[in-house]
Amino acid sequence: MENKEVLGHVAVLLTILIWGTTFISTKVLLQFFTPVEILAVRFLLGYCALYIIYPRRLKGMSFKQELICLFAGMCGICLYYLCENIALSYTLASNVGVLICLAPLFTVILSRFFKLKKEKIGISFCIGCVIAFGGVVLISFDNQSVEFNFIGDCLAVLAALIWAIYSLLTKKLGEFGINTILLTRRVFFYGLIFILPLSFVFDFSLNQDLLFKPEVYFNFLFLVLGVSALCFVTWNFAVKILGAVKTGVYIYAVPVITVITSVLILHEVVTVKILIGLALTLLGVFIAEEHGLRYIGFLFLYKKIDLFIYRGYLYF
């Protein structure tokens, strides 16, 4: 059981590490394509990639299981990215970055509302979430004036709520004991069904010649194989092992990876406020895990005991 949990943590860490660098590829591709075009291409090719990796058919699905897959595809593949992209066109990216991190909180609320007993929530989780969210705020609003846009900010909050729903649906799918790759591919399929009609609404006119430009080709390759095909499988695997609540906490680490990537690739400057935010975010994620607060308390107690023994030694 412990080995499985370790694999779950490794899977979600890999997911967050890749998702934190996604903005670079997306930023490059937005120079050539619209958000809906990028969304449609990456998940269509992602579906094909998953089929090539595991070319088996998913058989024996009940109506209930198909329905959950359908809602998961609608939420996690279509509505989440649509709300996030539209929100970015109305409000500041920093606002979206912070508000998206409400997803773990919504996951907790929904898990309690639907009385999911397997999702354990303790004091460590609550304290860790507060600390991590504070760190995200410091990172996102470094040297910026806070500006609000009702439509954009509401869409960002809605995106966070949708991702929480997707995480809980993924947890339910994981309980069926079906291969994770096959389930992820089925979710992609339903997501594409909802994305394709939107292509007519948002003026989908993909210029195929641009796909062969090196900067477009390699960034799409990263989004398709890494961000879509691999990360959705590893995320769903982590949710299956750890649960939607514990896995969702790692979303707070996305801004941390983004900042580190910005420094290494874009050579952006890191301020003291960002460094404090990074430290708080990582500390919060650590505490939010099951034994994080207990471990910190143990270290504090150990230091006290060690100091007491040392003073006793000097006395005698």
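A brief report on the enclosed structure follows. (Residues numbered from 1 in each chain as written. Predicted model: local features only at pLDDT ≥ 70, side-chain atom pairs only at ≥ 80, totals over all residues. Heavy atoms only, no water.)

1. Remarks on the side chain of Glu-84
Note the following rule: Here a strand is any run of E in DSSP of at least two residues, a helix any run of H or I of at least four, and the numbering for each starts at the N terminus. A 1.4 Å probe rolled over the protein chains alone gives each residue an accessible area, and that area as a share of the maximum for its type sets the label: buried under 20%, exposed over 50%, partly exposed in between. Charged residues are defined narrowly, with Lys and Arg counted positive, Asp and Glu counted negative, and His plus the chain ends left uncounted. Counted as salt bridges are all cases of a side-chain nitrogen of Lys or Arg within 4 Å of a carboxyl oxygen of Asp or Glu. What makes two residues a contact is simply this: any of their non-hydrogen atoms within 4.5 Å.
If you trace the backbone, Glu-84 turns up in helix H4 (residues 63–90). Summary of buried charges: Glu-84 has no salt-bridge partner, and the nearest side chain of opposite charge, Arg-42, is 7.0 Å away. With residues near it in sequence (within four places) discarded, Glu-84 still touches Val-96, Ile-100 and Ala-159.

2. Describing the packing of aromatic side chains
Short version of the rule: Each Phe, Tyr or Trp ring, with Trp reduced to its six-membered ring, pairs with another whose centre is within 6.5 Å; inter-plane angles below 30 degrees give stacked pairs, above 60 give edge-to-face pairs, and intermediate values give tilted ones.
Counting across every chain of the model gives 18 aromatic pairs. With a centroid separation of 5.6 Å and an interplanar angle of 80 degrees, the aromatic rings of Phe-43 and Phe-232 are classed as edge-to-face. Of the two residues, Phe-43 sits in helix H3 (residues 35–53) while Phe-232 sits in helix H10 (residues 214–242), which places them 189 residues apart along the sequence. The pair formed by Phe-43 and Phe-232 is uniform in burial state, with each residue classed as buried. Plain terms: the ring middles of Tyr-47 and Phe-189 are 6.4 Å apart, the flat faces sit at 40 degrees to each other, and that makes the pair tilted.

3. Describing the nonpolar core
Here is the rule: Take the buried residues of types Ala, Val, Leu, Ile, Met, Phe, Trp, Tyr and Cys, join any two whose side-chain atoms come within 4.5 Å, and each joined set is a nonpolar core.
Of all hydrophobic cores here, the largest spans 86 residues; its most connected members are Phe-43, Trp-163, Phe-232 and Trp-235. It is H10 that contributes the most residues to this core, 12 residues altogether. Phe-43 has contacts with Ile-77, Tyr-81, Phe-188, Leu-192, Ile-195, Ser-228 and Phe-232, leaving out every residue within four places of it along the chain. Counting 5 residues, the second-largest nonpolar core is a separate cluster that includes Ile-139, Val-256, Val-259 and Ile-274.

4. Describing helix H13 (residues 272–288)
Applicable threshold: Each residue after the first adds 1.5 Å to the expected span of a helix.
A rise of 1.5 Å per residue sets the reference length of H13, with its 17 residues, at 24 Å; its end C-alpha atoms lie 24 Å apart and thus fit the reference within 8%. Within the span of H13, buried status applies to Ile-274, Gly-277, Leu-278, Thr-281, Gly-284, Val-285, Ile-287 and Ala-288.

5. What to know about a nonpolar patch on the surface
As a reminder of what qualifies: Any residue with relative accessible area above 30% and no salt bridge may belong to a patch, with like charges joined within 9 Å and the nonpolar Val, Leu, Ile, Met, Phe, Trp and Tyr side chains within 5 Å. Each accessible area is a Shrake-Rupley result for a 1.4 Å probe, and residues are judged covered by the shown protein chains and nothing else.
A grouping of Tyr-217, Phe-218, Leu-221 and Leu-225 is seen on the molecular surface, where their side chains present a nonpolar patch of about 410 Å² in accessible area. Take Tyr-217: it is sitting in helix H10.

6. Section: the packing of H3 against helix H9 (residues 180–201)
Short version of the rule: Each axis is a line fitted through C-alpha atoms, taken for helices only over the stretch in contact, and angles between the N-to-C directions span 0 to 180 degrees. For classification, angles of less than 35 degrees are called roughly parallel, those exceeding 145 degrees roughly antiparallel, those between 65 and 115 degrees roughly perpendicular, and all remaining angles oblique. Crossing handedness is read from the near helix: turned anticlockwise from the far helix by less than a right angle, it gives a left-handed crossing, and turned clockwise, a right-handed one. Three classes are used, and their members are as follows: Ala, Val, Leu, Ile, Met, Phe, Trp, Tyr, Cys and Pro are nonpolar, Asp, Glu, Lys and Arg are charged, and the others, Gly among them, are polar.
H9 packs onto H3 with a crossing angle of 150 degrees between their chain directions and a minimal axis gap of 9 Å. The orientation of H3 with respect to H9, classified from their angle, is roughly antiparallel. Seen from above, H3 lies across H9 with left-handed handedness. Where H3 approaches H9, its residues Val-36, Leu-39, Ala-40, Phe-43, Leu-44, Gly-46, Tyr-47, Leu-50, Tyr-51 and Ile-53 are matched on the opposing element by Ile-181, Thr-184, Arg-185, Phe-188, Phe-189, Leu-192, Ile-195, Leu-198 and Ser-199. Taken together, the residues of the contact of H3 with H9 break down into 15 nonpolar, 3 polar and 1 charged.

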